[in-house]
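# Examining the three-dimensional arrangement
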Amino acid sequence: MKTEYPLRDTSAEHLLAHSGRPLRDITADAIAAGELTGDDLRTQADTLRQQAEIARDGGYPQLAANLLRAAELTDVPNEELLKIYELLRPERASFAELVRLADYLAETYGANENAAFIKEAAAVYRERNLLRR
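Below, the structure is looked at part by part.

## Things to note about the overall build of the chain
A tally of regular secondary structure across the chain gives 7 helices and 0 strands. The helix and strand sequence of the chain, counted from the amino end, reads α-α-α-α-α-α-α. Within the chain, buried positions represent 29% of all 133 residues. Pairs at least 24 residues apart make up 51% of the contacts formed inside the chain by residues separated by at least 6 positions. For the chain, the computed accessible surface area is about 8700 Å², with 51% contributed by carbon and sulfur atoms. When the 17 basic and 23 acidic side-chain charges of the chain are each reduced to a single mean position, those positions are 8 Å apart.

As structure tokens, then:
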């Protein structure tokens, strides 16, 4: 089945929040009643993968790659994401630290696309003298 964008309009009955709650149950009334949690407002990895497929089919391979990396990170706690972000800023980490980070993401979360991306960034940082001194 080919899915069209936007998913909320074409596939809403199949979309779930990160918590597993159906998208149809995420309403202003549910928010006002205090029935929702933070995980109800987070995107599920499958939704991002569907969006990546749509982007790839539409001729947007870079967007598709970004969405696939985002899908891999949906289970990474926010605190860890902030640490990763900080390490990826220029001159914040050594080459070895970035490689260890990449390996950790791959081994702990199965985030292989992100791991490859970080290793590529580490190599570019080394070439451009952007690693921590």
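## As for the packing of aromatic side chains
To describe a pair of aromatic rings, you give the distance between the ring centres and the angle between the ring planes. Applying the stated criterion to the full structure yields 1 aromatic pair. Ring centres 6.0 Å apart and planes at 85° place the aromatic pair Tyr-104 and Tyr-109 in the edge-to-face group. With relative accessibility at 34%, the residue Tyr-104 sits in the partly exposed group. A relative accessible area of 24% means that Tyr-109 is categorised as partly exposed.

## A closer look at the environment of Glu-97
Mapping Glu-97 onto the fold places it in helix H6 (residues 95–109). On the basis of relative accessible area, Glu-97 is assigned to the partly exposed category, the value being 22%. With 35 residues separating them in the primary sequence, Glu-97 and Arg-132 have C-alpha atoms 9.8 Å apart. Aside from chain neighbours lying at most four places away, what touches Glu-97 is Arg-92 and Arg-132.

Criteria and cut-off values
Chains are numbered independently. Their residues run from 1 in the order of the written sequence. With the structure being a predicted model, the display of local features is reserved for residues of pLDDT at least 70 and the display and counting of side-chain atom pairs for 80 or more, all residues being used for whole-chain, interface and lining totals. Hydrogens are left out, water is left out, and the side-chain values use all remaining heavy atoms of the structure. Helix numbering and strand numbering both begin at the N terminus, where a helix is a DSSP run of H or I of at least 4 residues and a strand a DSSP run of E of at least 2. Accessible area is worked out with a 1.4 Å probe on protein chains only. A residue is then buried under 20% of its type maximum, exposed over 50%, and partly exposed in between. Two residues qualify as a contact provided that any one of their heavy atoms is within 4.5 Å of a heavy atom in the partner residue. Note on areas: these come from Shrake-Rupley sampling with a 1.4 Å probe, and a residue is covered only by the protein chains present in the view. Asp and Glu are treated as the negative residues and Lys and Arg as the positive ones, with His and the ends of the chain left uncounted. In plain terms, the charge of a residue is placed at NZ if it is Lys, CZ if Arg, CG if Asp and CD if Glu. Pairing of aromatic side chains requires ring centres within 6.5 Å, counting the rings of Phe and Tyr and the six-membered ring of Trp. Pairs whose planes differ by under 30 degrees are stacked, by over 60 edge-to-face, and all others tilted.

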